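# Structural characterization, general
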Amino acid sequence: MTLSPARAPRAADTRTSGVRRLTATLYGYAFLDDFVLLYPVYALLFSDTGLSLWQVSSLFALWSITGILLEVPSGAWADAVSRRLLLWLGPLLTAAGFALWVITPSYWAFALGFVLWGVRGALGSGALEALVYDELDRLGAADRYARVIGRAQAAGMIAVMAAMGLAGPVLGLGGYPAVGAASVLVCLLTSALATRFPEHRPTATGGADRASTLTTLRTGLAEVRGDRALRGALLLVPAVGAVWGALDEYTPLLARDTGVTEQTVPYLLLLIWAGPTIGSLLAGAGERLGPTGLGVVLTVSALALAGGALTATPAGVALVGVAFGGFQLVNVLVDARLQDHVDGDHRATLTSVAGMGTELATVAVFAGYALLGAHHAHGTVFAVFAVPYLVTALVLVARTRTSTVRT
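Note that this is a predicted model, so its numbers are computed, not measured. (Residues numbered from 1 in each chain as written. Predicted model: local features only at pLDDT ≥ 70, side-chain atom pairs only at ≥ 80, totals over all residues. Heavy atoms only, no water.)

Next up on the list: the overall build of the protein. From N to C terminus, the protein includes 17 helices and zero strands. Residues counted as buried form 48% of the 407 residues belonging to the protein. In the protein, 84% of the contacts between residues at least 6 apart in sequence involve partners at least 24 apart. Per element, the accessible surface of the protein, about 18,300 Å² overall, is 67% carbon and sulfur. (Helix = DSSP H or I, 4+ residues; strand = E, 2+ residues; numbered from the N terminus. Buried < 20%, exposed > 50% of the residue type's maximum accessible area, 1.4 Å probe, protein only. Contact = heavy atoms within 4.5 Å. Areas by Shrake-Rupley, 256 points an atom, 1.4 Å probe, with all protein chains shown as cover.)

Here it is as structure tokens:
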């Protein structure tokens, strides 16, 4: 009679320890992956090397195009082979690219570094979310996914803010070589930590890899065609994530337009980044939101974005941070709902499809910003890009009402 009761606690302990190992590895990986001191200063490195504006723009375009081309194939490869393999391989590629930047700074070295960075981004996109969801599901804790992935993204944002704070002093002490060496070291540590991710799933091996990858891609896309709810979830991810993700690149210009000194701009950027960090941490509480609730969050955030940007004051910049926090909260939640709709065998593939949609929409936002920014202030352009979120919110509410009427 004493044996049966003893088994349940042991099973519960195993589940708890499994979740703890997974989440500890994930949070550490997310922090290290973004704790790169080159991030805040690589534009300065390009400028000091003598690159023109069009050359810098071409590097960003090359970076995006690389990610777009490899996003879906890499997701299919992760499903066919090993998600953990891609997670430790990717940071090694970035380490090589960063080393090139500081050892032989030139346009072509920067271009090769961005290609490697783009490959690294494609390898990790989809693979990480799929591994985390499936491992949580195996442990009977899939319902924790939004909370866990939200905390991981918050850890990454905290790392970015920490890198912003440390990059200046390290640059002052040792110049770009010191910043580059620190960045390479962090990439190596990220790769080493990725080998600790648990992965309990069959993988393809040997000569079957290519055929298995192509088969996984075909069957995954066929699943999208046959499932209307899945198609909607796939479209919602880029609809939420692309616009504010692209606008983030222009926040330094928005902050400078408030009239503060150049030295104050980084502090306003930290204020903006606090918003998405808090939004990520609120994902667990936000799991109870239905489509109408998500629509309300998007509407309030869109109004905060437009109002904050148009005021052209530091307080307005803080309001933009609040808007970004709302967008990030919804971003985590729609990703979680996508994972709930996806078959486990094609999880990385279809998550990568959503990622590719986000990349394509982001490029479109960049192009739109360039056209509008040539004739209007940055605050005005930010306000214009609040409109897509209002449209998305209306679609969510309308679909909810349509479903209610049908039932």
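Helix packing for two helices is described by the angle between their axes and how far apart those axes are. As a packed pair, helix H9 (residues 228–247) and helix H14 (residues 314–341) sit with axes 9 Å apart at the nearest point and diverge in direction by 155°. Viewed along their axes, H9 and H14 adopt a mutual orientation that is roughly antiparallel. The crossing of H9 and H14 is left-handed. The residues of H14 that touch H9, namely those facing Ala229, Leu230, Ala233, Leu234, Leu236, Val237, Val240, Gly241, Trp244 and Leu247, are Phe324, Phe327, Gln328, Val330, Asn331, Val334, Asp335, Leu338 and His341. Of the residues belonging to the contact of H9 with H14, the class tally is 14 nonpolar, four polar and one charged. (Axes fitted to C-alpha atoms, helices over the stretch in contact; angles between N-to-C directions. Parallel < 35°, antiparallel > 145°, perpendicular 65-115°, else oblique. Left-handed = near helix turned anticlockwise from the far one by under 90°. Nonpolar A, V, L, I, M, F, W, Y, C, P; charged D, E, K, R; others polar.)

Right, let's talk about the environment of Gly124 for a bit. Its place among the elements puts Gly124 in helix H5 (residues 107–124). For the pair formed by Gly124 and Ala348, sequence separation is 224 residues and the distance between their alpha carbons is 9.5 Å.

With that settled, the discussion passes to the confidence of the model for the protein. Scored by pLDDT, the protein has a mean of 83; 86% of the residues are at 70 or more. The spread of mean pLDDT over the elements of the protein runs between helix H8 (residues 208–225), the lowest at 55, and helix H13 (residues 291–311), the highest at 94. (pLDDT = per-residue confidence, 0-100.)

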